[in-house]
Amino acid sequence: MNYLSTRSPAGSTERKRFCEILLEGLAPDGGLYLPETYPQISAARLEELRQVYKSQGYADLAFEVLSLFIDDIPAEDLRALCRKTYTQAVFGTAEIVPLRPLESGLWLEALSNGPTLAFKDMAMQLLGNLFEYELARRGEELNIFGATSGDTGSAAEYAMRGKKGVRVFMTSPHGRMSPFQQAQMFSLQDANIHNLAVKGVFDDCQDLVKAVSNDLEYKRRYKIGTVNSINWARLLAQVVYYFAGYFQCTSNATERVSFTVPSGNFGNVCAGHVARMMGLPIHKLVVATNENDVLDEFFRTGVYRVRGTADTHETSSPSMDISKASNFERFVFDLLGRDGDQTRALFGDALNKTGHFDLSEHPAFAQAAARYGFESGKSTHSNRLTTIQDTYQRFNEMVDTHTADGIKVAREHLTPGVPMVVLETALPIKFAATIVEALGREPVRPAGFEGIEALPKRVQVIEADVSWVKNYIASHCD
Ligand SMILES: *Cc1c(COP(=O)(O)O)cnc(C)c1O
């Protein structure tokens, strides 16, 4: 399998293999990597994969799906990496991503029983093992330098802790993450994990990352990398749980299923798009946003309009607070018939100049729903509270704020006779303040997380000072 950039000019033959893009972010032309073609799964093959999931488990299903996209890791090594990653010990159940029912026709798919209690563990845990494997093979090292407002940073740290050849330097805005999130990250005592709490806001952290990444000489010398959501391996790992969710609520390949996905950077739902393109019988892919409704606006109107800082709201589903959706370019590339020149004109030129583009008159836009199954909806703070209350009262299920956005929007997009699966992207304990506001009681705390706020913390509080950070990384690199 070869990969191309979403901004490849017509006729370009520039292609890469999986392991070449594994440690990379953007393509050199500023685009995102996608496979040259989507492998096709026939109905008969789908039934075989159902049997693999049922009799051998999630790890082997992951191997079968991933091996369609990865041909530069020996099969038995890839299978071993999947089996090392997706264990009951790490993810809590034999199914790894069990479904549980709400009202008739509506299901929750649990993606948040990994080490940091958010769905990002599903991909990041695999990424940690893939990085360690590939770096050892090359005899190289990598220093991951990132910025987080919560879920991404902790998922990255729990995936990379103790891994050979990898160090993590993670900035976060000092005092702004929830006490639970701070406890999760700062209690890690592993020598290869460095927490830097920046006096400032999330944007100050991101500015530090940009400043360091723009210093190409420094970046090369200290082997700086990232693990952000545009990484293809992360997206690929997420494709697997669409298959596992499908198998759990169907009995044969003639049945269709819809998914509703609480969305921010469009990484999670883009994995659903890939699964659908492979032939998984997905009816609708419903994008659920919070008040930061960049994506809902596009799917309703055809206009994609990036928000400024002043228009980006701080909400009670903070992991979806985005000003632009970094993976969205992947879908638009497919929507435009994989025309790299047109994609570059939209995402490079138009967005840079005007901050928006308009596909409302483009014939492709009408196909977003008809041909690709995309629909969308939006949920606000009061919708979130109502949904959390209602779900708790009727089903005795406590859901987190992001998942509540998904449930609210899912109910507006049901099709009779087609099961709707809502992806559960985090557990309520991570966003306790809003749960207390909705239910008047503290969320359930999973076993093993009792008292983590009292554990010793390993964190440095720092100024937003680029040269200080560069020196810090340099002095911790050997
Ligand atoms: C990251 C995250 C999201 C958004 O996922 P995208 O892939 O960015 O669309 C939703 N919910 C939670 C809890 C998250 O951590």
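Structure: see above.
Residues numbered from 1 in each chain as written. Predicted model: local features only at pLDDT ≥ 70, side-chain atom pairs only at ≥ 80, totals over all residues. Heavy atoms only, no water.

### A word on the environment of Lys 470
Logical step 1: Relative to the elements of secondary structure, Lys 470 occurs in helix α20 (residues 466-475).
Logical step 2: Relative accessible area serves as the criterion here: at 19%, Lys 470 is assigned to the buried category.
Logical step 3: When the C-alpha positions of Lys 470 and Phe 243 are compared, they lie 43 Å apart, and in sequence the two are 227 residues distant.
Logical step 4: Discounting chain neighbours no more than four positions away, the residues touching Lys 470 are Val 212, Asp 215 and Tyr 218.
Logical step 5: At 2.7 Å, the side chain of Lys 470 and the side chain of Asp 215 are in polar contact. (Helix = DSSP H or I, 4+ residues; strand = E, 2+ residues; numbered from the N terminus. Buried < 20%, exposed > 50% of the residue type's maximum accessible area, 1.4 Å probe, protein only. Contact = heavy atoms within 4.5 Å. Polar contact = N/O pair within 3.5 Å; in protein donor to acceptor, adjacent residues only side chain to side chain.)

### Comments concerning the packing of aromatic side chains
Logical step 1: Taken as a whole and judged by the stated rule, the model has 33 aromatic pairs.
Logical step 2: Ring centres 6.1 Å apart and planes at 80 degrees place the aromatic pair Phe 299 and Phe 328 in the edge-to-face group. Here Phe 328 lies in helix α14 (residues 328-335) and Phe 299 lies in helix α13 (residues 294-301), a separation of 29 residues in the sequence.
Logical step 3: By relative accessible area, which is 11% here, Phe 299 ends up buried.
Logical step 4: Aromatic pair Phe 331 and Tyr 372: ring centres 5.6 Å apart, planes at 85 degrees, arrangement edge-to-face. (Phe/Tyr/Trp six-rings, centres within 6.5 Å; stacked < 30°, edge-to-face > 60°.)

### Considerations on the sheet that holds strand β5 (residues 142-147)
Logical step 1: Across the sheet, five strands lie side by side as β8-β5-β6-β7-β15; this open sheet has parallel pairing. Both edges of this open sheet fall to β8 (224-225) and β15 (460-462), since each of them pairs with a single strand only.
Logical step 2: Summarising the sheet, β5 and β8 pair through two bridges and their orientation is parallel. Of the residues in β8, the one forming a bridge with Ile 144 is Gly 225.
Logical step 3: Here helix α9 (residues 202-214) sits on the sheet and contacts β5, β6 (166-173), β7 (193-198) and β8; the angle it forms with β5, its principal contact strand, is near 145 degrees. (Pairing = 2+ DSSP bridges. Axes fitted to C-alpha atoms, helices over the stretch in contact; angles between N-to-C directions.)

### So, the pattern of salt bridges
Logical step 1: The full count for this structure, using the stated rule, is 38 salt bridges.
Logical step 2: The shortest N-O distance in the salt bridge between Glu 76 and Arg 79 comes to 3.7 Å. With Glu 76 and Arg 79 both in helix α4 (residues 75-85), this residue pair falls three residues apart, about one helical turn.
Logical step 3: Among the residues examined, Glu 76 registers a relative accessible area of 53% and is labelled exposed.
Logical step 4: One salt bridge connects Arg 305 with Glu 297, and the closest N-O pair in it is separated by 3.1 Å. (Salt bridge = Lys/Arg side-chain N within 4 Å of Asp/Glu carboxyl O.)

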